[in-house]
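Working through the structure, step by step
Here are the chains, one letter per residue:
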Amino acid sequence: MMDLKRPIASLTALVIMAINAPVALAQEGEGATDLNDLALLSQVINWEGIFRAVVIIFLAWLLLRFVDRLVENLGESIAEHRLAFQRANAFFHFFVYLLTVVIIVLFSFDIRPEVIALFGGAAVVAVGFATRDLLASLVAGVLIIFDRPFQLGDRVKFGGEYGDVISIGLRSVKLRTLDDSTVTIPNNLFLSDVTSSGNSGQLEMQTVVDFYIGLDQDVHLARDLLRVAAATSRYIYLPNPITVLAWQEPLDGCIAMKMRVKAYVLDTKYEKEFQTDIMLRAHRSFKEHDIQPPAVLSA
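Analysis parameters
Residues numbered from 1 in each chain as written. Predicted model: local features only at pLDDT ≥ 70, side-chain atom pairs only at ≥ 80, totals over all residues. Heavy atoms only, no water. Helix = DSSP H or I, 4+ residues; strand = E, 2+ residues; numbered from the N terminus. Buried < 20%, exposed > 50% of the residue type's maximum accessible area, 1.4 Å probe, protein only. Contact = heavy atoms within 4.5 Å. Phe/Tyr/Trp six-rings, centres within 6.5 Å; stacked < 30°, edge-to-face > 60°. Lys NZ or Arg CZ within 6 Å of the ring centre and 35° of its normal. Axes fitted to C-alpha atoms, helices over the stretch in contact; angles between N-to-C directions. Parallel < 35°, antiparallel > 145°, perpendicular 65-115°, else oblique. Left-handed = near helix turned anticlockwise from the far one by under 90°. Expected span 1.5 Å × (residues − 1). Arc of directions from axis to C-beta. Core = buried A, V, L, I, M, F, W, Y, C linked by side-chain atoms within 4.5 Å. Pairing = 2+ DSSP bridges. 1 Å grid on protein atoms, 1.4 Å probe; cavity = no way out; pocket = protein on both sides within 12 Å on 5 of 7 lines; lining within 4 Å. Points joined across faces, edges and corners; volume = space filled by probe spheres on them. Nonpolar A, V, L, I, M, F, W, Y, C, P; charged D, E, K, R; others polar. Salt bridge = Lys/Arg side-chain N within 4 Å of Asp/Glu carboxyl O. Polar contact = N/O pair within 3.5 Å; in protein donor to acceptor, adjacent residues only side chain to side chain. Patch = residues over 30% accessible without salt bridge, like charges linked within 9 Å, V, L, I, M, F, W, Y side chains within 5 Å. Areas by Shrake-Rupley, 256 points an atom, 1.4 Å probe, with all protein chains shown as cover.

So, the overall build of the protein
Counting its regular elements, the protein contains seven helices and eight strands. In the protein, buried positions account for 29% of the 299 residues. In the protein, of all internal contacts separated by at least 6 residues, the share reaching a separation of at least 24 is 67%.

Shown next as structure tokens:
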């Protein structure tokens, strides 16, 4: 009887090779496709352009540092035009930032239709989601520059923070608070929340100081003393009026006379000094003329 084991084994081997041949060819094709994709992807990055982009970033940084120093010196020597210099510097910064970003993209990447096809729609959507906040802040920065709800140098209140606008950039606005902290706020937040500007592009700003006296005190004399205390301060901006308001207000179980001084400080940077100066002058005048606070406060 013939031995059929060897022919059967050979036939089985041929069948397996026939089945696996298309898969092997497909894998080789995929490997070739992957190599082509990698080669195309490597062509997207322009390495020589990246080196030039780094040089451009360094030069832009040097230019902005020089202009900042120049604006700071001009603001100190010509104080009445300090905010105008700062606003012009903000426009210059914004233009340099935008131009630098465009140049970096053009130098560093070689974007062609086949590259876009390589990445596909899914990658484009992923990049869009990843950069949506950045793009929103960029658009908001443009709106802030041209719509001007506030300007560089303004003293603003936003989201519980109060301070001077020291920078309006492509992505964020920087505030320097009165305790000398720097707060960074994304531009897109300013599109939906309320922002209060105390001086609206001017050096002078209205400042409010409150006082409490007893109902049995001479309110007319107290009003005159408060007006003199404000008018004689070294920080007062006299071209604008001084207003003293008075009304009764509940205070810790009693009724007090609340008096509010509204006057203009000649420069926003002297706001707290101005308030302190008025407070000390008024306190000395009240003591000299025996004007007492509410009884609950003097107990």
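Now, onward.
Looking at the packing of aromatic side chains
Scanning the model with the defined rule gives five aromatic pairs in all. An aromatic cluster is present here, built from Phe-150, Phe-158 and Phe-190 joined pairwise through their rings. The side chain of Lys-157 reaches across the aromatic face of Tyr-162, ending 5.9 Å from its centre.

A few points about the packing of helix α5 (residues 219–231) against helix α6 (residues 271–288)
Interhelical geometry of α5 versus α6 gives an angle of 140 degrees and a closest axis separation of 9 Å. Viewed along their axes, α5 and α6 adopt a mutual orientation that is oblique. The way α5 lies across α6 gives a crossing that is right-handed. Between α5 and α6, the residues in contact are Ala-222, Leu-225, Leu-226, Ala-229 and Ala-230 and Phe-274, Ile-278, Arg-281, Ala-282, Ser-285 and Phe-286, respectively.

Things to note about α6
Its 18 residues place the ends of α6 26 Å apart at the C-alpha level, agreeing with the 26 Å of an ideal helix rising 1.5 Å per residue. Listed in full, the buried residues belonging to α6 are Glu-271, Phe-274, Gln-275, Asp-277, Ile-278, Ala-282, Ser-285 and Phe-286. Down the axis of α6, the sector holding all buried residues measures 160 degrees, keeping them to one side. Looking at α6, the residues exposed on the side facing more than 90 degrees away from the buried face are Leu-280, His-283, Lys-287 and Glu-288. On its buried side, α6 packs onto β1 (155–158), β2 (161–168), β6 (205–213), α5 and β8 (254–265). Among the residues trailing α6, Asp-290 stands out with phi positive, at a value near 55 degrees.

Side note on the nonpolar core
Judged by nonpolar contacts, the single largest core of 23 residues is most densely connected at Phe-211, Ile-213, Leu-226, Met-259, Phe-274 and Phe-286. Elements represented by at least two residues in this core include exactly β6, α5, β8 and α6. In this structure, Phe-211 is in contact with Leu-226, Met-257, Lys-258, Met-259, Val-261, Ile-278, Met-279, Ala-282 and Phe-286, ignoring residues within four places of it in sequence. Membership of the second largest hydrophobic core comes to 16 residues, among which are Ala-90, Ile-145, Ile-168 and Ile-185.

With respect to the sheet that holds strand β7 (residues 243–251)
Taking strand neighbours across the sheet as the criterion, the three strands line up as β6-β8-β7 in an open arrangement whose pairing is antiparallel. This sheet does not close on itself; its edge strands, each paired only once, are β6 and β7. When strand polarity is set aside, the average angle formed by the axes of neighbouring strands in this sheet is 25 degrees. Summarising the sheet, β7 and β8 pair through nine bridges and their orientation is antiparallel.

With respect to the layout of surface pockets
Empty space within the largest pocket amounts to approximately 820 Å³. Along the wall of the largest pocket there are 25 residues; nearest its centre are Gln-86, Leu-152, Val-165, Ile-166 and Arg-176. Sorting the residues of the lining of the largest pocket by element identifies α2 (47–77), α3 (82–108), β2 and β3 (172–177) as the ones contributing at least two each. Its residues assigned to classes, the lining of the largest pocket comprises eight nonpolar, seven polar and ten charged.

Looking at the pattern of salt bridges
What the rule picks out here adds up to eight salt bridges. Residues Asp-210 and Lys-258 are paired through a salt bridge, measuring 3.8 Å at the closest nitrogen-oxygen approach. On the criterion of sequence distance, the pair formed by Asp-210 in strand β6 and Lys-258 in strand β8 is long-range, its members being 48 residues apart. The partly exposed category is assigned to Asp-210, whose relative accessible area is 29%. If you follow the salt bridges from partner to partner, you end up with Asp-210, Glu-249, Lys-258 and Arg-260 in one network.

Digging into the side chain of Thr-268
By the element assignment, Thr-268 lies in the loop between β8 and α6. Judged by relative accessible area, Thr-268 falls into the buried class, the value being 2%. Non-local contacts of Thr-268, meaning those with residues more than four positions away in its chain, are made with Arg-82, Gly-153, Arg-155, Asp-164, Asn-199, Gln-202, Leu-203 and Met-205.

Remarks on the side chain of Asp-277
By the element assignment, Asp-277 lies in helix α6. Reaching out from Asp-277, the side chain makes a polar contact with the side chain of Ser-233 at a distance of 2.6 Å. Discounting residues that sit within four places of it in the chain, Asp-277 has contacts with Ser-233, Arg-234 and Tyr-235.

Things to note about a nonpolar patch on the surface
On the surface, a nonpolar cluster with roughly 630 Å² of combined accessible area is contributed by Phe-51, Val-55, Phe-58, Leu-59, Trp-61 and Leu-62. Counting through the fold element by element, Trp-61 comes out in helix α2.

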